[in-house]
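Secondary and tertiary structure notes
Each chain, letter by letter, is given below.
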Amino acid sequence: MDKQLDLLQGTLDMLILKAVSLGPLHGYGILLRIQQISKDRLEIQQGSLYPALYRLEHQGWIASEWGESENKRKAKYYRLTAAGKRKFQAEAEKWNRMTDVIAAILGTKPEEV
Amino acid sequence: MRLWSRLRSWSSATVGRSRMESEMDAELRFHMEVYAEDLVRGGVQREEAMRRARLEFGGIERVKEEGREARGANLIDNLVQDLRYGLRMLRKNPGFTALVVVILGLGIGANAAVFSVLRSVLLRPLPYRNPEQLTMLWVTDSRPRGWAVTDGSTSYRDFLEWHRQAHTFEDLAIFYKRGWSVVTLTGEEPEKVQGAFVSANLFTLMGVQPLLGRAFSEENLQHRERVVILSHGLWQSRFGGSLEALGHDIYIDDKPWRVVGVMPPQFRFPFLAGNWENRVEGEVQLWAPLTTNPYEEPSSSDSFNLTRPQGVARFQVIARLNPNMPLQAAQAEMDTIAARLALQYPDSDKTLGVQVRRLKEYIAGEMRRPLLLLSLCVLLLLLLASTNLATLFLARGVARAREFAVRAAIGATRWRAIRQLLTESVLLGIIAGGAGVLLAGPALHLIVALSPLTVPRLDETRIDTAVLVFSFLLALLCGLGFGLAPARRFSAADPHELLKTGQQITASSTLGIQGLLVGAQFALSLVLLASTSLLIRSFVEVLALDPGFRPDHILTMNVQFANPDATPPARMDDYYQRAWERLHKIPGVQAVGTVGNIFFLEENQNHALRQVEGHPPEPVDSWTPLVWTQVSGDYFRAMAIPLLQGRYFTPQDGPESPPVAIINQTLAKRYWPGEDPIGKRLKGFDPRGRNDEWVTVVGLVGDMRSHGLEREPMAEIYEVQAQRGEATPNLIVRTSADPMQLAPTIRSTLRSLDKSVILSGISTMQDVLREQTAARRFQAWLMGLFSALALLLAAVGVYGVMHYFVTQRIPEIGVRMAFGACGKDIVSLFMRRAMRFAGAGLAVGLVLALWSASLIKRMLFGVTNTDPLSFLGALSLLILVALSATYFPARRATRVDPMVALRYE
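Regarding the overall build of chain A
From N to C terminus, chain A includes 4 helices and 5 strands. For chain A, the succession of helices and strands along the chain, N to C, is β-α-β-α-β-α-β-β-α. Looking at the 113 residues of chain A, the share that counts as buried comes to 32%. Within chain A, counting contacts between residues at least 6 apart in sequence, those at least 24 apart form 52% of the total.

Here's the deal with the interface of chain A and chain B
Every contact between the two is made by 17 residues of chain A and, on the other side, 20 residues of chain B. Listing elements by their share of the side of chain A that touches chain B, those giving two or more residues are helix 2 (27–37), helix 3 (49–59) and strand 5 (74–80) of chain A. Of the residues forming the side of chain A that touches chain B, the biggest block, 7 residues, is contributed by helix 3 of chain A.

With respect to helix 2 (residues 17–41) of chain B
In this model, helix 2 of chain B (25 residues) spans 36 Å end to end at C-alpha, consistent with the 36 Å of a helix rising 1.5 Å per residue. Met24, Glu27, Leu28, His31, Met32, Val34, Tyr35 and Ala36 of chain B are the residues of helix 2 of chain B that are buried. Among the structural elements, helix 2, helix 3 and strand 5 of chain A together with helix 3 (46–57) and helix 4 (60–70) of chain B are those in contact with the buried residues of helix 2 of chain B. Among the residues trailing helix 2 of chain B, Gly43 of chain B stands out with phi positive, at a value near 100 degrees.

Regarding the nonpolar core
All names here are of chain B. The biggest cluster of nonpolar side chains holds 147 residues, and the ones touching the most others in it are Val228 and Leu526. In terms of residue count, the dominant contributor to this core is helix 20 (residues 509–543) (14 residues). For Leu526, the contacting residues outside a window of four places in its chain are Leu842, Gly845, Leu846, Ala849, Ala874, Leu875 and Leu878. Listed in part, the 50 residues of the second largest apolar core include Met639, Ile663, Tyr718 and Val720.

Quick look at the environment of Leu56 of chain A
Residue and element names in this part refer to chain A. Among the structural elements, Leu56 can be located in helix 3. Residues Leu56 and Ile16 lie 40 residues apart in sequence; the distance between their C-alpha atoms is 9.0 Å. Beyond its immediate chain neighbours, meaning those up to four positions away, Leu56 contacts Asp13, Ile16, Trp61 and Ile62.

Thoughts on the pairing of strand 8 (residues 284–289) of chain B
Residue and element names in this part refer to chain B. Across the 6 residues that make up strand 8, a large majority, 6, are buried. Of the pairings in the sheet, the one linking strand 3 (residues 191–198) to strand 8 comprises 5 bridges and is parallel in character. Each bridged residue has a counterpart across the sheet, and for Gly195 the counterpart in strand 8 is Leu286. Of the pairings in the sheet, the one linking strand 5 (residues 227–230) to strand 8 comprises 2 bridges and is antiparallel in character. When the bridges of strand 8 are listed, Leu230 appears paired with Leu286.

Side note on the sheet that holds strand 2 (residues 25–26) of chain A
Residues and elements named next belong to chain A. Here we have 3 strands laid out as an open sheet, ordered 2-5-4, and antiparallel in their pairing. In this open sheet, the two strands that pair with only one neighbour each are strand 2 and strand 4 (62–68). Pairing analysis gives 2 bridges linking strand 2 to strand 5, with the strands arranged antiparallel. By the bridge assignment, His26 is partnered in strand 5 with Tyr77. Each of strand 2, strand 4 and strand 5 touches helix 1 (residues 12–21); the most contacted strand, strand 5, lies at about 100 degrees to it.

Regarding the packing of helix 1 of chain A against helix 3 of chain A
Residue and element names in this part refer to chain A. Contact pair helix 1 / helix 3: the axes reach a minimum separation of 10 Å and the direction vectors enclose 75 degrees. Relative to helix 3, helix 1 is oriented roughly perpendicular. On the side of helix 1, the interface is formed by Leu12, Asp13 and Ile16, while helix 3 contributes Ala52, Leu53 and Leu56. In terms of residue class, the contact of helix 1 with helix 3 is built from 5 nonpolar, no polar and 1 charged.

Some thoughts on the confidence of the model for chain B
Residues and elements named next belong to chain B. When pLDDT is averaged across chain B, the result is 82; 86% of the residues are at 70 or more. Contacts of residues 274–279 to residues separated by more than four positions or lying in other chains number 19 contacts, the stretch itself having pLDDT below 50. Here residues 297–310 is modelled with pLDDT under 50, and outside its nearest four sequence neighbours on either side it reaches 16 contacts, counting other chains as well. Model confidence for the complex is summarised by a pTM of 0.65, with the ipTM given as 0.87.

What counts as what
- Residue numbers run consecutively from 1 along every chain, following the written order of its sequence.
- Chain letters and ligand numbers both follow the written order, the letters beginning at A and the numbers at 1.
- This being a predicted model, a pLDDT of at least 70 is required before a residue's local features are given, and a value of 80 or more before pairs of side-chain atoms are given or counted; all residues contribute to the totals for chains, interfaces and linings.
- Secondary structure elements are taken from DSSP: a helix is a run of H or I of four residues or more, a strand is a run of E of two residues or more, and numbering for both begins at the N terminus.
- Exposure classification rests on a simple neighbour count of other C-beta atoms within 10 Å of a residue's own: a residue reaching 20 or more is buried, one at 12 or fewer is exposed, and one in between is partly exposed. C-beta atoms are placed from the backbone.
- Note on contacts: each residue gets a C-beta atom placed from the backbone, and two residues are in contact if those atoms are within 7 Å.
- Expected span, for any helix, means 1.5 Å times one less than how many residues it has.
- When buried Ala, Val, Leu, Ile, Met, Phe, Trp, Tyr and Cys residues are joined through C-beta atoms within 7 Å, the set is termed a nonpolar core.
- Note: two strands are recorded as paired if DSSP finds a minimum of 2 bridges between them.
- As a rule, the C-alpha atoms of each element are fitted with a line to give its axis, helices using only the stretch in contact, and angles between N-to-C directions run from 0 to 180 degrees.
- If an angle is under 35 degrees, it is roughly parallel; if it is over 145, roughly antiparallel; if it lies from 65 to 115, roughly perpendicular; otherwise it is oblique.
- Three classes are used: nonpolar for Ala, Val, Leu, Ile, Met, Phe, Trp, Tyr, Cys and Pro, charged for Asp, Glu, Lys and Arg, and polar for all others, with Gly counted as polar.
- Looking at any residue, its pLDDT shows the predictor's confidence there, from 0 to 100.

So this is what it looks like as structure tokens:
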């Protein structure tokens, strides 16, 4: 458990978009999926998920719908919208470029400078 | 798409607030329960699981609040809070609120009413198919007055040439109005109705089909069939809206005409132009084929009246442009055609041109200027009201400075304070706007009822959505406008200083902005007041004019024969003779006469005489207005036009005796200045007498203003009806008592002599004259009202500002008085400060007023546009208002007890 990382500022949105891109999920499901994909290496404050969800919905990246959960309960399901898909792709690409650059800088050996 | 989802989410967060809350609740609860169940499955005790779920979830209320924020729900919360607070503030100061609502409500109401008039007269499309394509082809003439065609009409021959040669138009149609057609329906009293003769394609060209029946066919025109189409109004009044009207006959001048159609209620054509004449004549009520005018001589040719060599210019032409055809292209084409016709028919067309005018502009025509002027006035009034409210708000803001300081101290942001103030002022603005819309209805009725002119389409005016939107926007703008100045000012103040003293904001710079606003109000008021006094002075000048006769105790009415052109002169003469004899016997009747026309209010053409004894022929450019007037009976005595020399007409001046005339002073001066005109002889362009005899002048009478009160008298030659034989339909009866009391007796006497005569326009001469001054009276009332409002606003404004100014400076006054200043010093100190701004405003206003007076120069009569009396009067009135509005608050300051004042802090 002490190996868990705190979430980088601003990355939660991207992770949510990734999680729902694989299929509609309710809030708790999103939390579980992120933890599952990250192999429990990320710590997400449970409550902080919801304001992020509302913000994303308000901006039109995701849409919500009430449905039935696995244990026959009413739950709110979120799915990616077309606009959200484009947004996610753009964000992911930006992220990848950024990490490449950062990794390249960090990986530079003294003799290469 | 994204905007849409944002709006949807926002609206569900605001409108569906409770639903959003309960959904958020359910969602979060679901999360914790499922998590707890997972924990239970992992072996944790149920209660412990719930506790941990809640704990790990974090503060649920904070999550919810962040969720609301994310959805923009709080924006509304704040607004609702501001609104509630604003409403509470308004309720707390009912006097202030009422004052604002009344001031602004008047301003917005006036604007809404004028805007709705403007909209229906100038802006709303005409009720025809694609009205933007419709144009009038208006003939211009470069000949000097007297010869020129001035009514834009054309000859039938030229119309046919245009029709053949022009390609920029879809179609051209032709029509003309016949003044005073006479309609007689069987068994009913005859009535005068305005009619128009039109070409068969006119209705198709306008794109309006009859409600019942059909439009005219080409056969109707070719065979000169007596068929008519009725207006909806005439159909209702004469046939009670019955379907049987179709195929029925109505009688026009004793001949039956078959009704073939009824137009829909909103159809009108031609529209009335805005002048007094048309108000009397009324709307066109029936349409007949162009070729059927009974007053035309019959022509063997089927293309009617082409037999006349140059064609008579009498027809108006309406044309529909091809779709998307620019006006300039049509104008260019018509220029070419006109030039071609000028070469082809040099005798008649050499001086003629054609102007292509949009139908809408043609109809609005003369109304444009006065309406725009009126709009300008009401806008000015609203500007004044807003300025006034801004000063009131500023003044009140001073009183609320402490409140805002407290708000700022406990953490309200600057933006929040501005929003609070703006919410209040916009709220007030909108309440006032609502009051204004309620006022606009009655105001509109007042304008329509008082309007002296037939304003085309005025009756279509109503308060509709566009007017509501306009008023709302105006209210919003005003609210923002007068809220912004105080909002900026008080949100910028330093809360610490304010809290310490509560006075910092009242440093003399405050009067800076307020003083400027007060100055602006005085400037605007002076503009209004000076223009008004010029217009009122003009009105008074017109009222004081000597019309050249005594208008009191005269009854006038129009007596017409059913078919005047077919009535032999002998019969008319006989009727008149018998009528006078009978009328004279009525007690109270002093003199009876008739006349062809009393007034000639239209722009009169310049004329000359063919021959004047002992006088060379006049060159055309020295011609001046001149009319021949036919009179009979005791016309001059009935009108009390003074006889200066010679004699009146007598019964001996008959058809067999030599032609005689009575002239007025203007004519005498024109031909025989300084000579005795009696016995002089003249000839008109029409042959006089049986063999074109000389007409001998037998009398000289005083000038009367027959050309309209506001125009100089013109040369006038009176002939006696018995010699001339033309109808003299206007009856003039001088009475010893109230003329209207005799009206029923006179009416029944006239009808008992001949059942077929048509009596109309029964009124006193004073009322007839009043019609001529109606436009001025309307102007004077309206402007007077505006100015009174402006004056009131300026007084309220300066009083309010001074009142607060003094209140805020009570400590300073206390200090000054403690050091020995007396009351007079204090009063003059405050008055000097206030008058500095009023004075500067008046100086600017004087320049503006002089400029605006030069704009209305053409509307003035008997005063110059720099009339010192008007300007000095307005100026001194405003100075008086400024002085008294500052004096009373200033004097209040001197009553302050120095000890109280010093402790005030």
